[in-house]
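Each chain is listed here by its residues.
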Amino acid sequence: MRITCLGTCSGTEPMPGRHHVSIAVEEAGGVYWFDAGECCSHTAHNLGIDLLATRAIIISHTHIDHIGGLPNLIWTIRKLEGRTTDSARRIAGRTVPLLIPDLRTWEAAVGLIADPVAWGVGLDFHLTARTYQDGVILDDGVLRVTAQHNLHLGDPGPDQPWRSFSFRIESAGRAMVFSGDVKDIRDFAPLISPCDVLFMETGHHRVEDVCRYLADHETEFGRLVFIHHGRAILADPEGEAAKARAILGDRVTIADDGMPFEL
Ligand SMILES: [Zn+2]
């Protein structure tokens, strides 16, 4: 599994060198997207990630810092499909699931890229958008993704669907966990232990609190990668890294845009 942090910023105003959250997972010739913050397709393409190998797009929740790049991602795949001369790379005829907690957001995104007169969205591939709830939401023989709702958007109440999720992503005996946005690390603690790498947001948390929780609960994980950076990391990444490493040692990384990880 090759994991690339395409964007590492939380939903702040624009920050130098950082864009909003998106992670690309490459495995067995396929590309899987986890969140689609601004510029994700631009960043991925220029890093050499093959957008035509897209197998699934999974959105944790529909805040703009997690979906702002979604219409552009679809549009860019379509553009690249039209440009490729390599028939083996074409995405035409494939079905790509888009897993998103709120279909209204997807319908709005389609409205941005559709040409209602000429050809609709004009896709050569089948994009099937659907909501999901807790449990295994994707298992295509390459990647297995388990979703766990969290309290970032609160409790929706009886008979209402959960709208914000964390993920456990497994392939070939390895596991990564992506927090999404969470109210508390306890929201998704059952997904974490054991895993090879935990991608944890800090837009709503202090790094020392996260590290202390993981240390105190003897959580089994290989690496901890901070993403979705809040203002403390944005202001002083080295100082925040030092706080984290004082608790967990050199297993902690503060990710930058474009940073890859091999599992
Ligand atoms: Zn966010």
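Everything below is about the structure printed above this text.
Thresholds applied
Residues numbered from 1 in each chain as written. Predicted model: local features only at pLDDT ≥ 70, side-chain atom pairs only at ≥ 80, totals over all residues. Heavy atoms only, no water. Helix = DSSP H or I, 4+ residues; strand = E, 2+ residues; numbered from the N terminus. Rg over C-alpha atoms; globule rule 2.2 N^0.38 Å. Buried < 20%, exposed > 50% of the residue type's maximum accessible area, 1.4 Å probe, protein only. Contact = heavy atoms within 4.5 Å. Areas by Shrake-Rupley, 256 points an atom, 1.4 Å probe, with all protein chains shown as cover. Lys, Arg positive; Asp, Glu negative; His and termini not counted. Charge placed at Lys NZ, Arg CZ, Asp CG, Glu CD. Pairing = 2+ DSSP bridges. Axes fitted to C-alpha atoms, helices over the stretch in contact; angles between N-to-C directions. Donors = N, O, S within 2.8 Å, 3.2 Å for Na, K, Ca; no water. Tetrahedral: all angles 85-135°; square planar, octahedral: opposite > 155°, others 65-115°.

J.: Describe the overall build of the protein, naming the residues involved and giving the relevant values.
T.: For the protein, the helix and strand inventory stands at 8 helices and 14 strands. In terms of overall size, the protein behaves like a compact globule, its C-alpha atoms giving a radius of gyration of 18 Å where 263 residues would be expected to give roughly 18 Å. Projecting the C-alpha coordinates of the protein onto the three principal axes gives extents of approximately 60 × 45 × 40 Å. Looking at the 263 residues of the protein, the share that counts as buried comes to 51%. Long-range contacts, defined here as pairs at least 24 residues apart, represent 64% of the contacts in the protein between residues at least 6 apart. A total accessible area of about 11,400 Å² is found for the protein, and carbon and sulfur atoms account for 50% of it. Taken as two groups, the 24 positive and 36 negative side-chain charges of the protein have centres that lie 3 Å from each other.

J.: Give me the sheet that holds strand S4 (residues 54-58): which residues, what numbers.
T.: Judged by pairing direction, the sheet is mixed, and its 7 strands sit side by side in the order S6-S5-S4-S3-S2-S1-S14 without closing on themselves. Of all the strands in the sheet, just strand S6 (126-130) and strand S14 (259-262) have a single pairing partner and so form its edges. Strand after strand, the sheet turns through a mean of 20° between neighbouring axes, direction not considered. Pairing of strand S1 (residues 2-7) with strand S2 (residues 22-27) involves 5 bridges; the strand directions are antiparallel. In the sheet register, Thr-4 faces S2, and the bridge partner there is Ala-24. Together, strand S3 (30-34), S4, strand S5 (95-99) and S6 form the strand contacts of helix H3 (residues 70-83), whose direction differs from that of S4 by roughly 170°.

J.: Please give an account of the coordination of the zinc ion that cites residues and values.
T.: The protein atoms that coordinate the zinc ion are Asp-65 (OD), His-66 (NE2), Asp-181 (OD) and His-228 (NE2), at distances spanning 2.1 to 2.2 Å. One can describe the donor arrangement at the zinc ion as irregular, given that its 4 donor atoms subtend angles of 90 to 166° at the metal. Counting gaps between the donor residues of the zinc ion yields the pattern D-H-x114-D-x46-H. With His-66 in helix H2 (residues 64-67) and His-228 in the loop between strand S12 (221-227) and helix H7 (231-235), this pair connects stretches of sequence that are 162 residues apart. Comparing His-66 with His-228 shows no difference in burial state: the two are buried.

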